[in-house]
Amino acid sequence: MMTVAAARALRDGQRCFVGIGLPSTAANLARTTHAPDLVLIYESGTLGSKPDRLPASIGDGVLAETADAVISVPEVFNYWLQPGRIDVGFLGAAQIDMFGNINTTVIGGDYAHPKVRLPGAGGAPEIAASCGEVFVVVRQSHRTFVDRVDFVTSLGHGRGNGERARLGLRGAGPTLVITDLGVMRPDERGELILHAVHPGVTVDQVRAATGWELKVAADLADSDAPTAAELTTLRALKARS
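The structure displayed is predicted, hence computed values, not measured ones.

Here we come to the overall build of the protein chain. Across its full length, the protein chain carries 8 helices and 14 strands. A compact globule built from 241 residues should have a C-alpha radius of gyration of about 18 Å, and the protein chain, at 18 Å, falls within 12% of that. The dimensions of the protein chain, computed from C-alpha atoms along their principal axes, are 45 × 40 × 35 Å. In the protein chain, buried positions account for 49% of the 241 residues. Contacts in the protein chain between residues far apart in sequence, at least 24 positions, make up 63% of those at least 6 positions apart. Summed over its atoms, the accessible surface of the protein chain is roughly 10800 Å², and 52% of this surface lies on carbon and sulfur atoms. Positive and negative side-chain charges of the protein chain, numbering 23 and 26 respectively, have mean locations separated by a distance of 2 Å.

Dropping the structure here:
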């Protein structure tokens, strides 16, 4: 459901910065269904990759073999990402708060002696800062969806009320958060609001898995279940991997 919801959110012709895992699965599902001209950009420097299977890593040869061009990693960031030439970036999170700020650095308030030290930032802060918009895909739990992240690795909407604009960040930040329970979008303040629940999920279940007083949109929707065509395409991509 998460993969299909993420794929449906992508539009034909967009330039999408893709990470391995669910984002890559979603992007390739979109490209092989409703968005054939979706441009997939991987951090390894492949532009316009068109794999017929799911790549195992950003260094998978199928990405270079099917790309329109292969460039250096610094060029991906310096020429494509930082100047705002990428429409959508995907991010995950170890923690995410009510304003879409993401933590992938440490759990626990003491940076030098954390409870858990996480993999860190990678290119995520630049993706969060410079992509036209960011889609966050993460499983939802009270431990992951917190009132305030322990460390801001990638800025979402700060503390809200236009903080991104005041900091001069180019992109719109997180515009969509897709979980295994539903879909959230920011309101005018930047606070994440529940806009849809997946089949079989209740609002109470989503609130129970959220570490803040989650607001619900007046026009709350039910996510459409995956279609037979989407499932067939998704299974075919996975079968070839």
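Quick look at the packing of helix α1 (residues 2-9) against helix α2 (residues 22-31) now. It is the contact of α1 with α2, at a shortest axis distance of 8 Å, that shows an interaxial angle of 55°. Judged by the angle between their axes, α1 and α2 are oblique. Considering the relative orientation of α1 and α2, their crossing is right-handed. Contact residues: α1 offers Met-2, Thr-3, Val-4, Ala-6 and Ala-7, while α2 offers Leu-22, Thr-25, Ala-26, Leu-29 and Ala-30.

Taken across its 8 residues, α1 has 7 buried, putting it largely inside the fold. Those residues of α1 lying buried are Met-2, Thr-3, Val-4, Ala-5, Ala-6, Ala-7 and Ala-9.

In total, this model carries 9 salt bridges according to the counting rule given. A salt bridge links Asp-68 to Lys-50; the nearest nitrogen and oxygen atoms lie 2.7 Å apart. In this pair, Asp-68 is assigned in the loop between α3 (61-65) and β4 (69-70) and Lys-50 in the loop between β3 (46-47) and α3, connecting sequence segments 18 residues apart. In this structure Asp-68 comes out as exposed when scored by relative accessible area, which is 59%. A salt bridge links Asp-60 to Arg-53; the nearest nitrogen and oxygen atoms lie 2.9 Å apart. Here Asp-60 falls in the buried class, since its relative accessible area comes to 13%. Under the relative-accessibility criterion, Arg-53 is labelled partly exposed at 23%. Each of Arg-189, Glu-191 and Lys-215 takes part in one network of salt bridges that share partners.

Turning to its location among the elements, Gly-59 is positioned in the loop between β3 and α3. C-alpha separation for the pair Gly-59 and Thr-32, spaced 27 residues apart in sequence, amounts to 21 Å.

Take the nonpolar core next. Soluble globular proteins: nonpolar side chains tend toward being buried together. Formed by 33 residues in total, the largest nonpolar core has its most connected members in Phe-17, Met-184 and Val-206. Met-2, Val-62, Leu-63 and Val-183 belong to the second largest nonpolar core, which has 28 residues in total.

Our next topic: helix α4 (residues 73-81). Taken residue by residue, α4 has Val-76, Phe-77, Trp-80 and Leu-81 as its buried positions. For α4, the arc enclosing every buried residue in end-on projection is 115°, short of the 170-degree limit, so these residues lie on one face. Against β1 (15-18), β2 (39-42), β3 and α5 (124-130) lie the buried residues of α4.

Quick notes on the rules
- Residues numbered from 1 in each chain as written.
- Predicted model: local features only at pLDDT ≥ 70, side-chain atom pairs only at ≥ 80, totals over all residues.
- Heavy atoms only, no water.
- Helix = DSSP H or I, 4+ residues; strand = E, 2+ residues; numbered from the N terminus.
- Rg over C-alpha atoms; globule rule 2.2 N^0.38 Å.
- Buried < 20%, exposed > 50% of the residue type's maximum accessible area, 1.4 Å probe, protein only.
- Contact = heavy atoms within 4.5 Å.
- Areas by Shrake-Rupley, 256 points an atom, 1.4 Å probe, with all protein chains shown as cover.
- Lys, Arg positive; Asp, Glu negative; His and termini not counted.
- Charge placed at Lys NZ, Arg CZ, Asp CG, Glu CD.
- Axes fitted to C-alpha atoms, helices over the stretch in contact; angles between N-to-C directions.
- Parallel < 35°, antiparallel > 145°, perpendicular 65-115°, else oblique.
- Left-handed = near helix turned anticlockwise from the far one by under 90°.
- Salt bridge = Lys/Arg side-chain N within 4 Å of Asp/Glu carboxyl O.
- Core = buried A, V, L, I, M, F, W, Y, C linked by side-chain atoms within 4.5 Å.
- Arc of directions from axis to C-beta.

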